[in-house]
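A closer look at the structure
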Amino acid sequence: MSDRLAEVREFWNSVADDWDIQVGDDGDSNRRLNSDPVLWNFVGDVRELRILDAGCGTGYLSRKLASQGAIVTAIDLSERMIEIAREKANQNGQNINFHVDNCETMDSLEDNFFNAIVSNYVLMDVPDLENTMRAFNRVLKVNGIAVVVFSHPCFPQSRAIVIEDGESLYRWSFAYFEPQKCVDPPWKHFTSEFIWFHRPLSDYWKAFRNAGFEITDFEEPRITEQQFHLAETEKEIKNAQNRPYSVAFKLQKI
């Protein structure tokens, strides 16, 4: 394991319990209001399909996939994340194959095995994007799909300055086109700094293509009227309408 990957594992082990508070059983507000509806639209009917939740965290999405009839395997680099995810699935009586593995190699997984992969807010956290996408391609069946959602690389929310409702500025302390490791200060109830890896959007596109994927759909998730009732405040609705939190790609193995 590379030093960078070991550092990422140590970080996510340290924040796993706080992360479970953040996402709970249904995802945080950004997922519920913005990106989860897009993810489910891209994934489609999962009944009796072999689905890999790559970078599952504490497993809220794994459990939702299983409840929809999918045959779910879920991996995460963090041992503590997997421990929490397994405990919660067992409490629900769900048969999900959770185990510790990293998305860059997925050594424990067979070639050409899965019908689909979901990777929800993970790719900005992997040190090696190219190897990760090659691993995704390897474990998918031909014509299988990968649905990947990740933080919008053009508009990092940790660098947003809110001027007034609906108006934000984004500042850069480095060149946007320069890939690099970033460290952000703690937020909400977290006490640790957050590690992530910035890459321009074009680097993601090239990594998908070079790994053998065709891009079949793309969206910048935002709230729709159908989700308004899930918002707790008017401010949440305004933020979800105006701030680009993430991007979502639907890829197909060719």
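Looking at an unreviewed UniProt entry, one finds the chain named Methyltransferase type 11, with Chroococcidiopsis thermalis as its source organism.

Bringing the nonpolar core into the picture now. Counting 69 residues, the largest nonpolar core has Leu52, Leu123, Met133, Phe136, Phe150 and Phe208 as the members making the most contacts within it. At 8 residues, the largest contribution of residues to this core is made by helix H1 (residues 3-23). Ignoring any residue separated from it by four or fewer positions in sequence, one finds Phe136 in contact with Ala54, Cys103, Met106, Ile117, Ser119, Leu123, Val148 and Phe213. If you look at the next biggest cluster of nonpolar residues, it comprises 5 residues, including Leu33, Ile223, Ile237 and Ala240.

The next thing to look at is the pairing of strand S4 (residues 114-120). Counting buried positions over the 7 residues of S4 gives 6, a clear majority of the element. Here 3 bridges tie strand S1 (residues 50-54) to S4, and the two strands are oriented parallel to one another. Following the sheet pairing, Leu52 is matched in S4 by Ile117. Pairing of S4 with strand S5 (residues 140-151) involves 6 bridges; the strand directions are parallel. Its bridge partner being in S5, Val118 is matched across the sheet by Val147. Between S4 and its parallel partner S5, the chain crosses via helix H5 (residues 129-139), and the hand of that crossover is right-handed.

With respect to the helices, strands and loops of the structure, Arg243 is situated in the loop between helix H7 (234-242) and strand S11 (246-253). There is a polar contact of 2.9 Å between the side chain of Arg243 and the side chain of Gln157. When sequence neighbours within four positions are dropped, the list of residues in contact with Arg243 reads Gln157, Ala160, Val162, Ser168 and Tyr170.

With that settled, consider the environment of Val43. Within the fold, Val43 resides in helix H2 (residues 29-43). Along the primary structure Val43 and Asp26 are separated by 17 residues, whereas in three dimensions their C-alpha atoms are 17 Å apart. The residues touching Val43, leaving out its near neighbours within four places in the chain, are Val118, Ile145 and Val147.

Moving on, we come to the packing of H2 against helix H3 (residues 60-67). With their axes 13 Å apart at the nearest point, H2 and H3 run at an angle of 45° to one another. With respect to each other, H2 and H3 are oriented oblique. As for the relative orientation of H2 and H3, their crossing is right-handed in sense. Across the interface between the two elements, Arg31, Asp36, Leu39 and Trp40 of H2 pack against Tyr60, Leu61, Lys64 and Leu65 of H3.

Each value, and the rule that gives it
- Residues numbered from 1 in each chain as written.
- Predicted model: local features only at pLDDT ≥ 70, side-chain atom pairs only at ≥ 80, totals over all residues.
- Heavy atoms only, no water.
- Core = buried A, V, L, I, M, F, W, Y, C linked by side-chain atoms within 4.5 Å.
- Buried < 20%, exposed > 50% of the residue type's maximum accessible area, 1.4 Å probe, protein only.
- Helix = DSSP H or I, 4+ residues; strand = E, 2+ residues; numbered from the N terminus.
- Contact = heavy atoms within 4.5 Å.
- Pairing = 2+ DSSP bridges.
- Right-handed = clockwise from strand over helix to strand, strands pointing away.
- Polar contact = N/O pair within 3.5 Å; in protein donor to acceptor, adjacent residues only side chain to side chain.
- Axes fitted to C-alpha atoms, helices over the stretch in contact; angles between N-to-C directions.
- Parallel < 35°, antiparallel > 145°, perpendicular 65-115°, else oblique.
- Left-handed = near helix turned anticlockwise from the far one by under 90°.

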